[in-house]
Amino acid sequence: DSPYTQDTVADMLKWRVETGHNRANIDVSTGETLLEKMCNQTLWTWEGGEYTTMSEYLNGDVPGVYLSSIAIILWVLGIMCEIRSAYEQSLALLNIPRIQREDEVGLQREEDGFRVSGMSMRAKVLCFVGLCLPRMVTAVFLGIVGCKYLAQTADLADIVRNA
């Protein structure tokens, strides 16, 4: 909720054009216009006070810059771990021995469960498209959206909660 509505901004622009640059308002002792005085912050008027407020806001330190940077770095590192894990899953799938015939069973029963002894190329492609690829795409999407969200979070408490 900015105090600078469209009407306020229009009034400021009108003041700048009609009053700030007006020759009649030049200080004869210094040769400065009202706008020069305002920019040098030597003009003690409502306009000068508003200029000071806006200048301090725009040129001052942004609170939480370091905290936001750390949160984004941690988020990116977490996403990179997920992408790396999905990549390793893809490599494991690729390194499973290939069964030449579709009718061969590549699953063997053991004492404590089952062991995959091989997969057909079609099964490998289906597993990659159904498991690995969506995992990587989701991680990249969450990484991009999360970074944008953290970068646009203004409240420091929200940054800590969301990181």
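Figured I'd write up the structure that's included with this text. (Residues numbered from 1 in each chain as written. Predicted model: local features only at pLDDT ≥ 70, side-chain atom pairs only at ≥ 80, totals over all residues. Heavy atoms only, no water.)

### Comments concerning the pairing of strand β2 (residues 113-116)
Right, on to step 1. Sheet topology places strand β1 (residues 107-110) next to β2; 4 bridges connect them, and they run antiparallel. Opposite L107, over in β2, you have V116 as the bridge partner. (Pairing = 2+ DSSP bridges. Helix = DSSP H or I, 4+ residues; strand = E, 2+ residues; numbered from the N terminus.)

### Quick look at the packing of helix α4 (residues 65-94) against helix α5 (residues 121-152)
Right, on to step 1. It is the contact of α4 with α5, at a shortest axis distance of 10 Å, that shows an interaxial angle of 175 degrees. Considering the angle they form, α4 stands roughly antiparallel to α5.
Right, on to step 2. For the contact of α4 with α5, a count of residues per class yields 21 nonpolar, 5 polar and 3 charged. (Axes fitted to C-alpha atoms, helices over the stretch in contact; angles between N-to-C directions. Parallel < 35°, antiparallel > 145°, perpendicular 65-115°, else oblique. Nonpolar A, V, L, I, M, F, W, Y, C, P; charged D, E, K, R; others polar.)

### Some remarks on the nonpolar core
Right, on to step 1. Of all hydrophobic cores here, the largest spans 5 residues; its members are W15, L34, L35, M38 and L43.
Right, on to step 2. Those residues in contact with M38, other than ones at most four positions away along the chain, are W15, L43, E47, G48 and Y51. (Core = buried A, V, L, I, M, F, W, Y, C linked by side-chain atoms within 4.5 Å. Buried < 20%, exposed > 50% of the residue type's maximum accessible area, 1.4 Å probe, protein only. Contact = heavy atoms within 4.5 Å.)

### Side note on a nonpolar patch on the surface
Right, on to step 1. There is a patch of nonpolar side chains on the surface, built from I70, I73, L74, V76, L77 and M80 and spanning about 560 Å² of accessible area.
Right, on to step 2. Here I70 is to be found in helix α4. (Patch = residues over 30% accessible without salt bridge, like charges linked within 9 Å, V, L, I, M, F, W, Y side chains within 5 Å. Areas by Shrake-Rupley, 256 points an atom, 1.4 Å probe, with all protein chains shown as cover. Salt bridge = Lys/Arg side-chain N within 4 Å of Asp/Glu carboxyl O.)

### A word on the environment of E47
Right, on to step 1. Considering the arrangement of structural elements, one finds E47 in helix α3 (residues 46-59).
Right, on to step 2. For the pair E47 and M12, spaced 35 residues apart in sequence, the C-alpha to C-alpha distance is 7.8 Å.
Right, on to step 3. Ignoring sequence-local partners within four residues, the contact set of E47 consists of W15 and M38.

### As for the environment of G118
Right, on to step 1. The topology assignment puts G118 in the loop between β2 and α5.
Right, on to step 2. Classification of G118 as buried rests on a relative accessible area of 7%.
Right, on to step 3. Setting aside residues up to four positions removed in sequence, G118 forms contacts with I96, P97, I99 and G106.

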